[in-house]
Amino acid sequence: CGEAVRECALRCDHCRYTCHQECRSLIQLDCPWPDPCQGQLSPESTLLPPCSQNVAQTVEEEKPKPPTVQEIKQKIEKYNAKVTNCLLMKLNDDGTYTGFIKVHLKLRRPVTVPAGIRPQSIYDALKEVNLAEMTDKRTSFYLPLDAIKQLHISSTTTVSEVIQGLLKKFMVVDNPQKFALFKEMRKDGQVLVQKLPLTEYPLYLRLLAGPDTDVLSFVLKENETGEVEWDAFSIPELQNFLMILDKEEKEKIQQVQRKYEKFKQRLQQTLKEARGKPG
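This structure is a prediction, so every number in the text was calculated from the model and none was measured.

(A) Main features of the packing of helix α2 (residues 69–82) against helix α5 (residues 202–209). In the contact formed by α2 and α5, the axes pass within 9 Å of each other and the chain directions differ by 65°. The way α2 lies across α5 gives a crossing that is left-handed. Two secondary-structure elements touch here, α2 through I72, K75, I76 and Y79 and α5 through Y204, R206, L207 and L208.

(B) Seen up close, α2. Here α2 spans 20 Å end to end across 14 residues, near enough to the 20 Å set by a 1.5 Å rise per residue. Every buried residue belonging to α2 is among I72, I76 and Y79, and all of these are buried. When α2 is viewed along its axis, its buried side chains cluster within an angular range of 65° and face the same direction. Every exposed residue of α2 that faces more than 90 degrees away from the buried side is listed here: K78 and A81. In this fold, the buried residues of α2 make contact with β4 (90–91), β5 (97–105) and α5.

(C) Region of the structure containing the side chain of N223. Considering the arrangement of structural elements, one finds N223 in the loop between β11 (216–222) and α6 (235–274). With a relative accessible area of 19%, N223 lands in the buried category. At 3.1 Å, the side chain of N223 and the backbone oxygen of Q177 are in polar contact. Only 2.8 Å separates the side chain of N223 from the side chain of K195, close enough to count as a polar contact. Those residues in contact with N223, other than ones at most four positions away along the chain, are Q177, K178, F179, A180 and K195.

(D) Here's a closer look at the pairing of β5. With respect to burial, β5 is a largely interior element, seven of its nine residues being buried. Two strands pair when backbone bridges link them, and β4 and β5 are joined in this way by two bridges, in the antiparallel orientation. Along β5, the bridge assignment pairs K90 with T98. The turn joining β4 and β5, which pair antiparallel and follow one another in sequence, is formed by five residues; a positive phi near 95° is taken by G95. The pairing of β5 with strand β8 (residues 147–154) spans eight bridges and is antiparallel. Across the sheet, the residue bridging to G99 is I153, located in β8.

(E) Looking closely at the pattern of salt bridges. Applying the stated rule across the entire model yields three salt bridges. The salt bridge involving K178 is made with D174; its shortest N-O contact spans 3.4 Å. Side by side, K178 and D174 carry an identical accessibility label, which is buried.

Criteria and cut-off values
- Residues numbered from 1 in each chain as written.
- Predicted model: local features only at pLDDT ≥ 70, side-chain atom pairs only at ≥ 80, totals over all residues.
- Heavy atoms only, no water.
- Axes fitted to C-alpha atoms, helices over the stretch in contact; angles between N-to-C directions.
- Helix = DSSP H or I, 4+ residues; strand = E, 2+ residues; numbered from the N terminus.
- Left-handed = near helix turned anticlockwise from the far one by under 90°.
- Contact = heavy atoms within 4.5 Å.
- Expected span 1.5 Å × (residues − 1).
- Buried < 20%, exposed > 50% of the residue type's maximum accessible area, 1.4 Å probe, protein only.
- Arc of directions from axis to C-beta.
- Polar contact = N/O pair within 3.5 Å; in protein donor to acceptor, adjacent residues only side chain to side chain.
- Pairing = 2+ DSSP bridges.
- Salt bridge = Lys/Arg side-chain N within 4 Å of Asp/Glu carboxyl O.

Have a look at this one:
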């Protein structure tokens, strides 16, 4: 689920995989040490509570040691050697580094933007002029699905700052908490998606994975928290939701009607061909 393990949790006795208790039904372990008595390892037999000894101990994530400047330098050299374009990473004198990440925008809901505002110019960007503050008028529209935005960021840039930077570039005035940054990883023909915490550093993840976006890519989506907080949306947004639901309902009705119309035609054709034939 991507959330930190802060409470009493479940941990595999063999591979030490740790998860929340409420995530148990979602876990499919590929443990390298199967139980010889059962022949095949299953989540039910291997995910055992580490708190089973009447001790409410807390399972904390093991934080790796931060890499040294020399290690970062080696990783950057290895990364740049694989780059096929000019989007290289650069190491600074203070140990930080800068580079580029690409973010796929996969937003299903409309976003709120200022109405009647001209596109941002280079002058506005350099002077950090916030055009959204020039008018109180708002309107909603859909960002192009699966559009890609390239950002030049630092190793100290967090996920929260990336989200705010993307919203600013598109002049979106919605609350940044409505959005979340995910990482998509491809492994063994499967796409694994994980929500990134707001304090994560995307450029470091890019450095570790290499420049190949087929291995790791970043995606901006709506922040699904389980329950929709309708109070957080504006009236134009809510009106758009009603229009979308009405459109989807009509399309679903048309699909059902077309389906049974084809069945009706096939049945009539079969009856027509069967007339005059015995049995």
